[in-house]
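Take a look at the letters that make up each chain.
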Amino acid sequence: MDKSMLGDLDNLPEADKIRMSGMIDQLQIRDSLRMYNSLVERCFSDCVDSFKHKKLQKQEETCVQRCAEKFLKHSMRVGMRFAELNQGAATQD
């Protein structure tokens, strides 16, 4: 967990800080799993056309790979932009 997230919690007792840290960790794990599940569902729906073979066909595999790359690049860009906005908001205070 990013320790800077606990910066505003300095006034809390140590036990509460530990509890909050655990809750933040759980939320981050949940969000990561949601993102992964969304990626899998979206790319599978967009790319897999039939179930005639046990393995993905070449075009399906290529589609899934491109889909995953786009999804991850987009997610990283959104995260970077969000961080930029947060940093700008913090400097205005």
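What you are looking at is a predicted structure, and each value in this text was computed from that prediction instead of being measured.

A. Main features of the overall build of the chain. Within the chain, the secondary structure is distributed over two helices and zero strands. Split into buried and exposed, the 93 residues of the chain put 12% on the buried side. For the chain, restricting intrachain contacts to residue pairs at least 6 apart in sequence, the fraction spanning at least 24 positions comes to 31%. For the chain, the computed accessible surface area is about 8200 Å², with 56% contributed by carbon and sulfur atoms.

B. Local environment of the state of the cysteines. On inspection of all chains with the given rule, the structure shows two disulfides. Covalent S-S linkage joins Cys-43 and Cys-67, the inter-sulfur distance amounting to 2.0 Å. In this structure the cystine formed by Cys-43 and Cys-67 twists about its S-S bond by roughly -85°; its chirality is therefore left-handed. Taken together, the residues span a long stretch of sequence, with Cys-43 in helix H1 (residues 14-47) and Cys-67 in helix H2 (residues 58-92) at a distance of 24 residues. Just as Cys-43 is buried, Cys-67 falls in that class too.

C. View of the nonpolar core. Core analysis: the biggest nonpolar cluster contains five residues, these being Leu-39, Cys-43, Cys-47, Cys-67 and Phe-71. Counting residues per element, the ones that place at least two in this core are H1 and H2. Here this core gets three residues from one element, more than from any other, and that element is H1. Sequence-distant contacts of Leu-39, that is, excluding residues within four places in its chain, are made with Cys-67, Ala-68 and Phe-71.

D. Region of interest: H2. Between the first and last C-alpha of H2 there are 51 Å, a value that for 35 residues agrees with the 51 Å anticipated at 1.5 Å per step. Residues of H2 that are buried: Glu-60, Cys-67 and Phe-71. Summarising the contacts, the buried residues of H2 are in contact with H1.

E. Geometry of the packing of H1 against H2. With their axes 9 Å apart at the nearest point, H1 and H2 run at an angle of 145° to one another. As H1 runs across H2, the sense of the crossing is right-handed. Of H2, the residues touching H1 (which contributes Met-35, Ser-38, Leu-39, Cys-43, Asp-46 and Cys-47) are Glu-60, Cys-63, Val-64, Cys-67, Ala-68, Phe-71, Leu-72 and Ser-75. Grouping the constituent residues of the contact of H1 with H2 by class yields ten nonpolar, two polar and two charged.

F. Broad picture of H1. Compared with an ideal rise of 1.5 Å per residue, which puts 34 residues at 50 Å, H1 spans 49 Å between its outermost C-alpha atoms and is within 8% of the ideal. Taken as a whole, H1 has its buried residues at Ser-21, Ile-24, Leu-39, Cys-43 and Cys-47. Contacts from the buried residues of H1 go to H2.

Thresholds applied
Residues numbered from 1 in each chain as written. Predicted model: local features only at pLDDT ≥ 70, side-chain atom pairs only at ≥ 80, totals over all residues. Heavy atoms only, no water. Helix = DSSP H or I, 4+ residues; strand = E, 2+ residues; numbered from the N terminus. Buried < 20%, exposed > 50% of the residue type's maximum accessible area, 1.4 Å probe, protein only. Contact = heavy atoms within 4.5 Å. Areas by Shrake-Rupley, 256 points an atom, 1.4 Å probe, with all protein chains shown as cover. Disulfide = S-S within 2.5 Å. Core = buried A, V, L, I, M, F, W, Y, C linked by side-chain atoms within 4.5 Å. Expected span 1.5 Å × (residues − 1). Axes fitted to C-alpha atoms, helices over the stretch in contact; angles between N-to-C directions. Left-handed = near helix turned anticlockwise from the far one by under 90°. Nonpolar A, V, L, I, M, F, W, Y, C, P; charged D, E, K, R; others polar.

Purely spatial values, then, with no claim about function.
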